[in-house]
Amino acid sequence: MKTVTAEALAAAERYLLLNARLIDRLRFDYHFRGGSAASVRTALAAYANADGGFGNALEPDLRGTVSQPQPVEVAFHVLDETASSDAPFGGPLVRGACDYLVRISNEDGGVPFVLPSVRDAPAAPWWQTPDDPPGNLNPTAALAGLLHKHGVDHPFVGQATAFCWPRIEALTETTPYEAYPVLTFLDHVPDPARAEAAFQRLAPLVKRHVALDPDTPGEAHFPLDFAPTPDGFGRKLFDDDVIEHHLDALVDRQAEDGSWTFNWPAWTAVVQHEWTGFVTVERLLTLRAHGRLTGRSVRP
């Protein structure tokens, strides 16, 4: 069984210190060196806007200052991973973001994938939208799922949940970028029997998009992308031997500079290090969650 040693963890830390954004350096410090959740959240707050949403390249491929739905999901994931009894998920950042989400929601309760204001600043070429974008499971399902996970009481939670259920249950095909938020929703929505039934329908649709060969080139989606922890519906998609094989491969994928990088296009120079810093922390969290970290880590 291959693991991330203390030396490999130190190499990752050095890469982050040399290249990554402050927020990702602080996320590493929190998870692996005993840093504070408050420092991470202070850095996160710098990406928030007066309207309650998030922008300012928190999602590195959206370079504009204005709020967009997807960066709110990124913010919720950061708040989720730093949540504890001393630093609960709620608070002004979450309340403000939920108010923003209500304002940008469509009449059906869903949040668009991206708003037309994306055209006002540089962004990756795949951030395209019609003038009147519909609600989308990406990111509505993930937003609702994370709010359910932490028991947040806000009108957005109910409307987003009502939007998600019929669309999930009607899926006859999907994409990885839709499946990720849907799995987050099913993991946390407080209706386990209905979630299990929806997962059983969804599982074969998701598996069509999984690259079982860890050396698959290009913008492939691997088992650990769907199962970053041993818990949840994503893990149920794969046998133990598949997960173990990909964990070994993920350990091996650490670059000489200590990083783990990404496999989608780097459309402008700055995102190379921004995404690589983010992904490096994500890969370390996945490996730790699956028991593959032998280097010093202060949090389980």
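Rules behind the numbers
Residues numbered from 1 in each chain as written. Predicted model: local features only at pLDDT ≥ 70, side-chain atom pairs only at ≥ 80, totals over all residues. Heavy atoms only, no water. Phe/Tyr/Trp six-rings, centres within 6.5 Å; stacked < 30°, edge-to-face > 60°. Helix = DSSP H or I, 4+ residues; strand = E, 2+ residues; numbered from the N terminus. Buried < 20%, exposed > 50% of the residue type's maximum accessible area, 1.4 Å probe, protein only. Lys NZ or Arg CZ within 6 Å of the ring centre and 35° of its normal. Expected span 1.5 Å × (residues − 1). Axes fitted to C-alpha atoms, helices over the stretch in contact; angles between N-to-C directions. Parallel < 35°, antiparallel > 145°, perpendicular 65-115°, else oblique. Left-handed = near helix turned anticlockwise from the far one by under 90°. Contact = heavy atoms within 4.5 Å. Nonpolar A, V, L, I, M, F, W, Y, C, P; charged D, E, K, R; others polar.

With respect to the packing of aromatic side chains
Working step 1: Across all of its chains, the model carries 10 aromatic pairs by this definition.
Working step 2: Aromatic side chains Tyr177 and Tyr180 sit 6.4 Å apart centroid to centroid with 85° between the ring planes, which places their arrangement in the edge-to-face category. Here Tyr177 pairs with Tyr180, and both are found in helix 8 (residues 176-188), just three residues apart, close to one helical turn.
Working step 3: By relative accessible area, Tyr177 is classed as partly exposed at 39%.
Working step 4: Here the aromatic cluster, defined as three or more aromatic residues joined through ring pairs, consists of Phe262, Trp264, Trp275 and Phe278.
Working step 5: Above the plane of the ring of Phe222 lies Arg253, whose end atom (NZ or CZ) is 5.3 Å from the centre.

Remarks on helix 12 (residues 270-289)
Working step 1: Taking 1.5 Å per residue, 20 residues should reach 28 Å; helix 12 reaches 29 Å between its end C-alpha atoms and fits that length.
Working step 2: Across the 20 residues of helix 12, 14 count as buried, placing the element largely inside the fold.

Examining the packing of helix 7 (residues 155-169) against helix 8
Working step 1: Packing of helix 7 against helix 8 leaves a shortest axis separation of 12 Å and a crossing angle of 115°. Accordingly, the angle class assigned to the pair helix 7 and helix 8 is roughly perpendicular. Like other packed secondary-structure pairs, helix 7 and helix 8 cross with a definite hand, here left-handed. On helix 8, the residues touching Thr161, Cys164, Trp165 and Ile168 of helix 7 are Val182, Phe185 and Leu186.
Working step 2: Residue composition of the contact of helix 7 with helix 8, by class: six nonpolar, one polar and no charged.

Focus: the environment of Pro214
Working step 1: Mapping Pro214 onto the fold places it in the loop between helix 9 (192-207) and helix 10 (223-226).
Working step 2: Sequence separation between Pro214 and Arg253 is 39 residues, and the spatial gap between their C-alpha atoms is 9.6 Å.
Working step 3: With near-sequence residues (within four places) excluded, Pro214 lies in contact with Phe222, His245, His246, Ala249 and Arg253.

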